Amino acid sequence: VLLALGFGIALWVAASFAIGRSILVTSMLEHEREDGLALARRMHGLVDAELVRLDRTSRDWSAWDETWAFARGEAEDYVERNVYDGVLANLKLNLMAVVGADDTLRLARGAAAVSGEPRPLLPALLRHLAPGGAWLAAHERDRPLAGLVPGPDGPLAFVAHPIHRSSPTPGEQSAGTQVFGRVLG
């Protein structure tokens, strides 16, 4: 009788443990899933906010008569006058590039994420600026592009804008593509 009672109690304890564990694990998994979704929503909001900030700055520079002339190869002193050593840090950028409508890479500057020290653009990023590159579609479609690409220091948020004069004439082609990028992190 004691053996049967002991066996019954052990069975009840094991069943209670299994049921409790199942409920607890299910509850924990649901909680983790909800936390993960909330974190993903926050990250999405942060990325969107970063892209909006980049877009605002890039739109300002890409609709500037000097940038338009530079993209066309007409403003030889543009870099000297406008892209001074600290400009990427001042604009909080890690990438600044201008490609003319003829696919000539006129400017390609990079900066390390943490130190801000100048660094050459990696081939993986330069590929987007080469003829047929994804970022040049901003000029071809005459519409801005924005998104994320892998970068040397982490995900790189980028905005690519077609370059126009500040007061373009109707139907005027863009002079090329300007790309600004910032490492997220």
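Preceding this section is the structure that the text describes.
Residues numbered from 1 in each chain as written. Predicted model: local features only at pLDDT ≥ 70, side-chain atom pairs only at ≥ 80, totals over all residues. Heavy atoms only, no water.

J.: Explain the nonpolar core to me, please; I cannot follow it from the model alone.
T.: One recurring pattern in soluble globular proteins: nonpolar side chains tend to sit buried together. W61, V87, L93 and M96 are the most contacted members of the largest nonpolar core, which totals 24 residues. Every element with two or more residues in this core is listed here: α1 (2–62), α2 (65–71), α4 (87–90), β1 (95–100), β2 (105–111) and β5 (154–162). Dropping the residues within four chain positions of it, W61 is found in contact with T67, Y78, N82, V87, L91, M96, Q178 and F180. The next biggest cluster of nonpolar side chains, apart from the first, holds 17 residues, and it includes A97, L125, L129 and L136. (Core = buried A, V, L, I, M, F, W, Y, C linked by side-chain atoms within 4.5 Å. Buried < 20%, exposed > 50% of the residue type's maximum accessible area, 1.4 Å probe, protein only. Helix = DSSP H or I, 4+ residues; strand = E, 2+ residues; numbered from the N terminus. Contact = heavy atoms within 4.5 Å.)

J.: For this particular structure, what's the right way to read the pairing of β5?
T.: Remember that side chains alternate between the two faces of the sheet whenever the strand is regular. Counted residue by residue, β5 has seven buried out of nine residues, so it is predominantly covered. Pairing analysis gives seven bridges linking strand β4 (residues 145–151) to β5, with the strands arranged antiparallel. Across the sheet, residue L148 finds its bridge partner in β5, namely A157. Linkage of β4 to β5, two consecutive antiparallel strands, is achieved through a turn of two residues. Both β5 and strand β6 (residues 176–183) contribute to a ladder of seven bridges, which runs antiparallel. Following the sheet pairing, L156 is matched in β6 by V183. (Pairing = 2+ DSSP bridges.)

J.: Could you clarify how one ought to interpret empty space enclosed by the protein in this entry?
T.: Where empty space is left in the structure can be found by rolling a water-sized probe over the atoms. If you walk through the whole model with that rule in mind, you get one cavity of 30 Å³ or more. When its volume is computed, the largest cavity comes out at roughly 110 Å³. If you go around the largest cavity, you meet 15 residues; those closest to its centre are N94, A111, R119, L125 and P152. Counting only elements with at least two residues in the lining of the largest cavity, the list comes to β2 and β5. Here the lining of the largest cavity is built from residues that sort into nine nonpolar, four polar and two charged. (1 Å grid on protein atoms, 1.4 Å probe; cavity = no way out; pocket = protein on both sides within 12 Å on 5 of 7 lines; lining within 4 Å. Points joined across faces, edges and corners; volume = space filled by probe spheres on them. Nonpolar A, V, L, I, M, F, W, Y, C, P; charged D, E, K, R; others polar.)

J.: Hey, could you run me through the side chain of S174 in this one?
T.: Topologically, S174 is positioned in the loop between β5 and β6. A residue is classified by how much of its surface remains accessible, and S174, at 5% relative accessible area, is buried. There is a polar contact of 2.3 Å between the side chain of S174 and the side chain of H139. Within polar-contact distance, the side chain of S174 engages the backbone oxygen of G176 at 3.4 Å. (Polar contact = N/O pair within 3.5 Å; in protein donor to acceptor, adjacent residues only side chain to side chain.)

J.: Got a minute to help me understand α1 in this structure?
T.: Residue pairs spaced three or four apart in an α-helix point in one direction, given the helix's 3.6 residues per turn. For α1, spanning 61 residues, the distance from its first C-alpha to its last is 87 Å, which sits close to the expected 90 Å at 1.5 Å a residue. Those residues of α1 that fall on the buried side of the exposure criterion are V47, E50, L51, L54, S58, W61 and S62. (Expected span 1.5 Å × (residues − 1).)

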